[in-house]
Structures are given as C-alpha cells and as structure tokens.
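Inside the fold
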Amino acid sequence: EFKEFMEVWMKRKIHKRVEMVVDSIPGIMKSSTDDPDMPNIVKRGKDRAVDKVWPDLKEEIMWQVTVAMDATDISEGELGSGPDCVRAFLR
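Not measured: the values here are computed from a predicted model.

The rules behind these values
Residues numbered from 1 in each chain as written. Predicted model: local features only at pLDDT ≥ 70, side-chain atom pairs only at ≥ 80, totals over all residues. Heavy atoms only, no water. Salt bridge = Lys/Arg side-chain N within 4 Å of Asp/Glu carboxyl O. Helix = DSSP H or I, 4+ residues; strand = E, 2+ residues; numbered from the N terminus. Buried < 20%, exposed > 50% of the residue type's maximum accessible area, 1.4 Å probe, protein only. Patch = residues over 30% accessible without salt bridge, like charges linked within 9 Å, V, L, I, M, F, W, Y side chains within 5 Å. Areas by Shrake-Rupley, 256 points an atom, 1.4 Å probe, with all protein chains shown as cover. Lys, Arg positive; Asp, Glu negative; His and termini not counted. Charge placed at Lys NZ, Arg CZ, Asp CG, Glu CD. Axes fitted to C-alpha atoms, helices over the stretch in contact; angles between N-to-C directions. Parallel < 35°, antiparallel > 145°, perpendicular 65-115°, else oblique. Left-handed = near helix turned anticlockwise from the far one by under 90°. Contact = heavy atoms within 4.5 Å. Nonpolar A, V, L, I, M, F, W, Y, C, P; charged D, E, K, R; others polar.

A few points about the pattern of salt bridges
- All chains considered together, the criterion is met by seven salt bridges.
- Linking Asp70 and Lys11 is a salt bridge whose minimum nitrogen-to-oxygen distance equals 3.3 Å. In this pair, Asp70 sits in helix α3 (residues 40-70) while Lys11 sits in helix α1 (residues 2-23), placing the two residues 59 residues apart along the sequence.
- For Asp70, a relative accessible area of 46% translates into the label partly exposed.
- For Lys11, a relative accessible area of 23% gives the class partly exposed.

What to know about a positive patch on the surface
- A cluster of basic residues, Arg12, Lys13, Lys16 and Arg17, forms a positive patch at the surface.
- If you trace the backbone, Arg12 turns up in helix α1.
- What makes Arg12 exposed here is its relative accessible area of 58%.

Regarding the packing of helix α2 (residues 25-32) against α3
- Closest axis-to-axis distance for the α2/α3 pair is 10 Å, and the angle between their directions is 155°. Between α2 and α3, the crossing angle belongs to the class labelled roughly antiparallel. The hand of the α2/α3 crossing is right-handed. Judged by residue contacts, Ile25, Pro26, Met29 and Lys30 of α2 engage Lys46, Asp47, Val50, Asp51 and Trp54 from α3.
- Tallied by class, residues from the contact of α2 with α3 come to five nonpolar, no polar and four charged.

In structure tokens form, the structure reads like this:
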C-alpha cells in the first residue's frame, strides 16, 4: 500500500513539473520566431496562431506524458533468458 501511495505521489509530482515546462513552450516559440525586421502585423498573426494552436498541442503532449508514465515495465521473465556476457566471462 505504501509503495502504491509513493508511486501515485511521484507520478503527480512529475506530471506537475512536466506541465510547468510545457507551459513555458509557447513563450519560447514566440520569442524564437521573432525577427526584428518582421512587420508588427505579421508578428501579431504569428503570436495569435501559436495561441490558437497551443491548447490542442498541450493536451496532446500531456496525454503522451501520461501514457508514457503509466506504461508498465517488461519483466525479465517476459524477455526470456538471453545471453549474459558478464556471467559467461566470470565462469
């Protein structure tokens, strides 16, 4: 029970941190595509396009993060016994 509690707690913490990083992406995208010679109307259009598309992108990114965090690990038994060069060397 404690292990499950810790796992859920850790996943929530990681999810919050990833979301903080993901929330900073639109600002980075806007500033990295700025050009001093760009007309203001084009700059506003570019920024509006990022703002319009961003909610869907964020949702998809966070969904993929959640799926990746909930993925189960493959145990050694499922992989089968493959070559083990360390044991072979030590024998």
